[in-house]
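# Commentary on secondary and tertiary structure
Residues per chain, in single letters:
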Amino acid sequence: MNKPVAIVLAGGVGKRFWPIETDKSLLPFLGRPLIEHTIQSLNHEKIERILVVANEANKKDIGRIKPRSGRITIVVQEKPMGMADALRTAKKEIGGKAILVINGADRVDQSLYHDVLTKSEMGSERVIIPGREHGQHFQGGYLRVRNERVLEIVEKPEAGSEPSTLVNLVVHYFRNADDLLTEIEKVKSETDDVYEHAVSRLLENGGAGLVRYEGPFGFVKYPWDILEMARLFLSSLKEKRVSKKAVIHPKATIEGPVVIGDNVSVLEQAVIKGPAYIGNSSSIGTNCLVLESIIGENTVVGFSSEITRSYIGDGCWLHQNYIGDTILEGENYFGAGAVTANFRFDAGAIASKVASENVNTGRKKLGAIVGRGARVGVNASLMPGIKIGGKALVGPGVTVYRDVPREAKLFERQERPQP
Amino acid sequence: MNKPVAIVLAGGVGKRFWPIETDKSLLPFLGRPLIEHTIQSLNHEKIERILVVANEANKKDIGRIKPRSGRITIVVQEKPMGMADALRTAKKEIGGKAILVINGADRVDQSLYHDVLTKSEMGSERVIIPGREHGQHFQGGYLRVRNERVLEIVEKPEAGSEPSTLVNLVVHYFRNADDLLTEIEKVKSETDDVYEHAVSRLLENGGAGLVRYEGPFGFVKYPWDILEMARLFLSSLKEKRVSKKAVIHPKATIEGPVVIGDNVSVLEQAVIKGPAYIGNSSSIGTNCLVLESIIGENTVVGFSSEITRSYIGDGCWLHQNYIGDTILEGENYFGAGAVTANFRFDAGAIASKVASENVNTGRKKLGAIVGRGARVGVNASLMPGIKIGGKALVGPGVTVYRDVPREAKLFERQERPQP
Amino acid sequence: MNKPVAIVLAGGVGKRFWPIETDKSLLPFLGRPLIEHTIQSLNHEKIERILVVANEANKKDIGRIKPRSGRITIVVQEKPMGMADALRTAKKEIGGKAILVINGADRVDQSLYHDVLTKSEMGSERVIIPGREHGQHFQGGYLRVRNERVLEIVEKPEAGSEPSTLVNLVVHYFRNADDLLTEIEKVKSETDDVYEHAVSRLLENGGAGLVRYEGPFGFVKYPWDILEMARLFLSSLKEKRVSKKAVIHPKATIEGPVVIGDNVSVLEQAVIKGPAYIGNSSSIGTNCLVLESIIGENTVVGFSSEITRSYIGDGCWLHQNYIGDTILEGENYFGAGAVTANFRFDAGAIASKVASENVNTGRKKLGAIVGRGARVGVNASLMPGIKIGGKALVGPGVTVYRDVPREAKLFERQERPQP
């Protein structure tokens, strides 16, 4: 048996991820970078080794990650030119070998890796591709399927003309990387779907084995996807786990699956309702409420703040705030009385501007998305779906109706766009 | 003995009741419409039956009310043309009979009905009228009295020229309705005091028996009267009564006469101090304080809100608010940090505009009066005595200095009128 | 032995103390005027008597103060013309006697009085002057010292050219007041450092005995010095002391050295963390947090307020506020949601205008300084270091960027000065 090389793709750059500047693969969830969760989900007994295609910016941090056994190898993709380019970059390492291609910033249950690898061990398939039923229309690849065989990957079909209800999951097995690399060289395309075209060409002759998957699936394309990713991770928590080095006041309430790190303090009457995660050295102040949220490290949730369904990074300072369905990347300061509105008056789905285009986030509840180091003054109000660039300042008492650029200082009341 | 027909008047329309759109008789207190309290206060053994004069809009809801025994009969007043017109409408049902005329939206202790009916049973009086000492000047009818007999009803005398200190309470007994109906036909008046003129004419010959009453008396003429009415109902609560279907967190505090309905949840550290009433399926969130207030059904009082001396209707959503001396009709949403100011800087009595006239509410503490379905954005501030029309929107961070019309959208800071 | 007369200077007027209008000597700390602490620190066995140099405005209140034994004598300085003038005013009372000159509004440990007096009892020194090592540059007098003798008082030397690291403390002993008074007459100066010049002249012949002091030293020159003075007093509290007449709810938390006066009520879930002082008849409401602060008498700290490192005077009303590193002189009302910002976005030291000059307060955390009777509306925001004059009104929702004059009414958003 030819155990495959697991190729974890992490060389891309999030073009639609502003104001979040952290590399997607390195975004921490439950205290570890996203890609670390992926790497540690791989059963080393079923793969030859792990190869990460990184970029200049993230290679160092990725290099520190420990897999379950052995070490990871890193190759650096010089420019973020897509999956096909990533595989070309790894050519020397994978030539002639079986490979398992994985998106480093996707989140699936490790049973999926197991199922794909187990099917590959039977030896009959040149290619294996998993698919997942997706309830509503999905902005990504769909599978054309006949008789449980995958015949083609169709990128971003229009709603209503999807070739099946199965969405393509990038946990792709190829018995011989050379087959794929050869097809890649044949595709003439300037767009970033060279990989999918090459796979589809490869499938013209006999298709691929299909693995149906029904477990959780998370991805981060837009910044608000972080909230759904956080929800996925939180839903994996099954029991309460409080560090012995944490100090929990006897008048605090901790309910459900809550993980509390070292040197955390939880003060009088604080209420934490799981699933929730509190990173090392953070504190949850008197009368605070934390609900279904991830709190990073060294973050202070001050007196009488409420954090609901949110992702709070490291080193934040909050104080008498309402933070709902909101993302704070890290090192964010909110003055007393600053709040996020997370719900439209008309209860409609919330839109957000991405590269000057209004994108429907599909969420009825969405607060703000705040880049690293941005600060928000006392009694300021952030409207639903607002994004605030890194190191920006929002002045006291300001109501923010539009995105705030990086390092901008917004001290005047922002004119409200006409309805 | 001729037991009287109790005629409960509910055909009127509240001209000075904006922004409250609910029919006065149907306003719920302690979970039941105001008129239901009145109807159920009537001892069926002392009356022949109950006849309600309703209008097109409220007849259906009133029809559902169950008296202590039997059923109520409804006649519909086509236009809201006052008490005399209401009695004319009921002519067929009451001709030749003894009647007890009652205002459906007034609130008195049931001892008053008892005292009037008991006096009527002695058989010597053609008319019986109760009076109540009123501390300060009252904008309504006063009784002219000599030797414990009522000689005349004087409508709205000037302060200082009241004919006595006794205020007219509409729990009027007539041994024969025809006497009254005859006098009504003789009155030539275009104003809405035909009834009082007719009664006064009837009294010219021997006057009426006086019943002195010292118990509580509530009425709803202006919308802020709802607060005093709520206070009356709350003061009638004598003990704690928590539904077995309610879930009270062990860290919550419930003190004094508090009634808590089915499926209510009261969360960690919530404090409810009686007298207070929490309707079915509502929830009082973590760290909330509810003090001397009525909360309707299906209302969510969210994290760290304070509700003091207020009337909150059904289906409201609150969150980190201060709601003091305030009326929310129902289905009102307040964003985090929205507050009602309920006290003037100069500690003076608070005025409110009614039909473009400034009316002194007589209250030193009065928050806002918010019509059904109106929503208030995060960090908005409502000034004392402000009224907000149904379905209006108050934007985030806005300070509201003037009444907001129905369905209006107020997104700019409102210019403050010069002092 | 000639026991000295202790001369406590309290005739001055705080020119840089706006918006605080209370006489410095009479500012209450831990329930007693500042000067009362000074007077009661004096050991009556080592002094002949206490003479206070007061002014017309404060003489009455000072007259009520009881020393440890006997009574105090008061002489009134007609105009606040400095220390030399104060001593001239007291000439008749002190001629030919030993004196101990003390600043009534300074705060030192009583060991300092003891050390100076003990040294004086040895009889060898004509003058004794204490000095204290000061960590950073101090805007006051420094001592020129050689061989443990004080040779001169140097008023306000430039940073870097201080004659020593020892700061002059005004606990000055003179064996014969006439020596000093004679020198005072010789000084020709229009400025207010006549006293220091006179002392320095006196020292030309042999210098003064030096007493080194390492204990606490507090003074009130600028209004924000009140915060440091409060810290000093609080740090002197060593144990919890709750009046038997106070009512503490069993769900409240009181930790550390906290003094709670008569008739105080502390409600559900209130948290008081020492050192802290709560004056008579005040109340700490449900869910409040009081941390390292002094609260005066008859003050209501309402629902869910946080008071951190602040000085709150008598008769204040707070409610859902954040009050951090802030001074409220007394009778101040804050509406719900009004907050003090106490930290600059850039984490820099906070400046404050004093007599149209920007003074660096040296503090990184400083909230507002609010004069007696000023009121602040709901959801208003006070920027760091802002001063608000007595009886001024700050309207609801206003962000205050500049000082507000006495009795001013600020209802518009204040334009932000360009950065």
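These numbers were taken from a predicted model, which means no experiment stands behind them.

What counts and what doesn't
Residues numbered from 1 in each chain as written. Chains lettered and ligands numbered in written order. Predicted model: local features only at pLDDT ≥ 70, side-chain atom pairs only at ≥ 80, totals over all residues. Helix = DSSP H or I, 4+ residues; strand = E, 2+ residues; numbered from the N terminus. Rg over C-alpha atoms; globule rule 2.2 N^0.38 Å. Buried ≥ 20, exposed ≤ 12 C-beta atoms within 10 Å, placed from the backbone. Contact = placed C-beta atoms within 7 Å. Pairing = 2+ DSSP bridges. Axes fitted to C-alpha atoms, helices over the stretch in contact; angles between N-to-C directions. Domains from an automatic or database assignment. Nonpolar A, V, L, I, M, F, W, Y, C, P; charged D, E, K, R; others polar. Least-squares fit on C-alpha atoms with pLDDT ≥ 70 in both. Core = buried A, V, L, I, M, F, W, Y, C linked by C-beta atoms within 7 Å. UniProt positions renumbered as here; feature names shortened; annotations may be inferred. Arc of directions from axis to C-beta. Parallel < 35°, antiparallel > 145°, perpendicular 65-115°, else oblique. Left-handed = near helix turned anticlockwise from the far one by under 90°. pLDDT = per-residue confidence, 0-100.

## Brief notes about the overall build of chain A
When helices and strands are tallied, chain A shows 8 helices and 41 strands. The C-alpha atoms of chain A give a radius of gyration of 23 Å, which matches the 22 Å a tight globule of 419 residues would have. Relative to its full complement of 419 residues, chain A shows a buried share of 54%. Summarising the internal contacts of chain A: among those between residues at least 6 apart in sequence, 47% fall at separations of at least 24.

## A look at the sheet that holds strand 35 (residues 369–370) of chain A
Residue and element names in this part refer to chain A. Pairing is parallel in the open sheet, where 8 strands are placed in the order 15-18-21-24-27-30-35-38. Because the sheet does not close on itself, it has two edges, and the strands there are strand 15 (241–242) and strand 38 (387–388). Of the strands in this sheet, strand 21 (276–278), strand 24 (294–295), strand 27 (311–314) and strand 30 (327–330) touch helix 8 (residues 225–235), which is tilted by about 90° from strand 27.

## Side note on the domain arrangement of chain A
Residue and element names in this part refer to chain A. Along its sequence, chain A is carved into domain 1 (5–219) and domain 2 (228–410). With centres defined by C-alpha atoms, the gap from domain 1 to domain 2 works out at 31 Å. Residue-level contacts link 13 residues of domain 1 with 22 residues of domain 2. A breakdown of the residues in the side of domain 1 that touches domain 2 according to their chemical character gives 7 nonpolar, 3 polar and 3 charged.

## So, the relation of the copies chain A and chain B
In the superposition of chain A on chain B (RMSD 0.1 Å, axial shift 0.0 Å), the rotation amounts to 119°. On the angle and the small slide along the axis, the relation comes out as a three-fold axis.

## Topic: the sheet that holds strand 27 (residues 311–314) of chain C
All names here are of chain C. Here we have 8 strands laid out as an open sheet, ordered 15-18-21-24-27-30-35-38, and parallel in their pairing. Edge positions in the sheet fall to strand 15 (241–242) and strand 38 (387–388), since each of these pairs with one other strand and no more. Alignment of strand 35 (residues 369–370) against strand 38, held across 2 bridges, turns out to be parallel. Each residue of the ladder has a partner; that of V370, found in strand 38, is I388. In this fold helix 8 (residues 225–235) packs onto strand 21 (276–278), strand 24 (294–295), strand 27 and strand 30 (327–330), with an angle of close to 90° to the strand it touches most, strand 27.

## Focus on the interface of chain A and chain B
Every contact between the two is made by 18 residues of chain A and, on the other side, 19 residues of chain B. Residues of the side of chain A that touches chain B, tallied by class, amount to 7 nonpolar, 9 polar and 2 charged.

## A short note on the nonpolar core
Grouped burial of nonpolar side chains is what soluble globular proteins tend to show. Counting 390 residues, the largest nonpolar core has I7 and L100 of chain A, I7 and L100 of chain B together with I7 and L100 of chain C as its most contacted members. Residue contacts for L100 of chain B: discarding those within four places in its chain leaves P4, A6, I7, I47, V116, L117, V171 and Y173 of chain B.

## Points about the pairing of strand 33 (residues 350–354) of chain C
Residues and elements named next belong to chain C. When strand 33 meets strand 34 (residues 357–363), the two strands line up antiparallel, connected through 5 bridges. From the neighbouring strand, I350 faces strand 34, where its bridge partner is R363. If you look at the hairpin formed by strand 33 and strand 34, you'll find 2 residues sitting between the two strands, and A355 has a positive phi there, around 50°.

## Focus on the UniProt feature "domain: Nucleotidyl transferase" (unreviewed entry) in chain A
Taking the numbering used here, the UniProt-annotated feature "domain: Nucleotidyl transferase" (unreviewed entry) corresponds to residues 6–196 of chain A. Taken end to end, residues 6–196 of chain A has its terminal C-alpha atoms 18 Å apart, with 26% of it in helix and 28% in strand.

## A closer look at helix 8 (residues 225–235) of chain B
Restricting attention to buried positions, one finds in helix 8 of chain B the residues I226, L227, M229, A230, F233 and L234 of chain B. Burial along helix 8 of chain B is one-sided: seen end-on, the buried residues are contained in an arc of 160°.

## Digging into the packing of helix 3 (residues 82–89) of chain A against helix 7 (residues 194–203) of chain A
Residue and element names in this part refer to chain A. Helix 7 packs onto helix 3 with a crossing angle of 75° between their chain directions and a minimal axis gap of 5 Å. Comparing their axes, helix 7 and helix 3 come out roughly perpendicular. Of the residues in helix 7, those touching helix 3 at G82, M83 and A84 are V194, Y195 and A198. When grouped by side-chain class, the residues that make up the contact of helix 3 with helix 7 number 5 nonpolar, 1 polar and no charged.

## With respect to unusual backbone geometry
Cis geometry marks the peptide bond from G274 of chain A to P275 of chain A; its omega dihedral reads 0°. By the secondary structure assignment, P275 of chain A is in the loop between strand 20 (271–273) and strand 21. One non-glycine residue, K156 of chain B, lies in the positive phi region at around 40°. Checked against the element boundaries, K156 of chain B lands in the loop between strand 10 (149–155) and strand 11 (166–168).

## A word on the environment of P67 of chain B
Residue and element names in this part refer to chain B. Within the secondary structure, P67 sits in the loop between helix 2 (59–63) and strand 5 (72–76). Considering only alpha carbons, one finds P67 and I129, 62 residues apart in sequence, at a separation of 24 Å. The residues contacting P67, other than those within four sequence positions of it, are I39, Q40, L42, H44, I50 and I72.

## Brief notes about helix 6 (residues 177–186) of chain C
Every α-helix winds through 3.6 residues per turn, so residues three or four apart in the chain are directed the same way. Residues and elements named next belong to chain C. Buried within helix 6 we find A177, L180, L181, E183 and I184. Taken end-on, helix 6 shows its buried residues confined to a sector of 160°, consistent with a single buried face. Residues of helix 6 that are exposed and point over 90 degrees away from its buried face: E185 and K186. Where the residues of helix 6 are buried, they touch helix 3 (82–89), helix 4 (91–94), strand 6 (99–103), strand 12 (171–174) and helix 7 (194–203).

## Regarding the environment of L166 of chain B
All names here are of chain B. Position of L166 relative to the elements: it lies in strand 11. Assessed through the 22 C-beta atoms surrounding it within 10 Å, L166 is described here as buried. Residues L166 and T38, 128 residues apart in the sequence, show an inter-C-alpha distance of 22 Å.

## Looking at the packing of helix 3 (residues 82–89) of chain B against helix 6 (residues 177–186) of chain B
Residue and element names in this part refer to chain B. Where helix 3 meets helix 6, the closest approach of the two axes is 10 Å, and the angle between their N-to-C directions is 125°. When the axes of helix 3 and helix 6 are compared, the pair comes out oblique. The interaxial crossing formed by helix 3 with helix 6 has left-handed handedness. Note on element contacts: helix 6 touches helix 3 through L180, L181 and I184, opposite A84, L87 and R88. Taken together, the residues that form the contact of helix 3 with helix 6 break down as 5 nonpolar, no polar and 1 charged.

## With respect to the confidence of the model for chain A
Averaged over every residue, the pLDDT of chain A is 94; the share at 70 or more is 99%. Interface predicted TM-score (ipTM) for the complex: 0.93; the corresponding pTM is 0.95.

## Section: the environment of G335 of chain C
Turning to its location among the elements, G335 of chain C is positioned in the loop between strand 31 (333–334) and strand 32 (339–340). Separated by 65 residues in the primary sequence, G335 of chain C and V400 of chain C place their C-alpha atoms 15 Å from one another. Contact partners of G335 of chain C, with chain neighbours within four places excluded, come to A341 of chain B together with H319, V376, G377, V378 and P396 of chain C.

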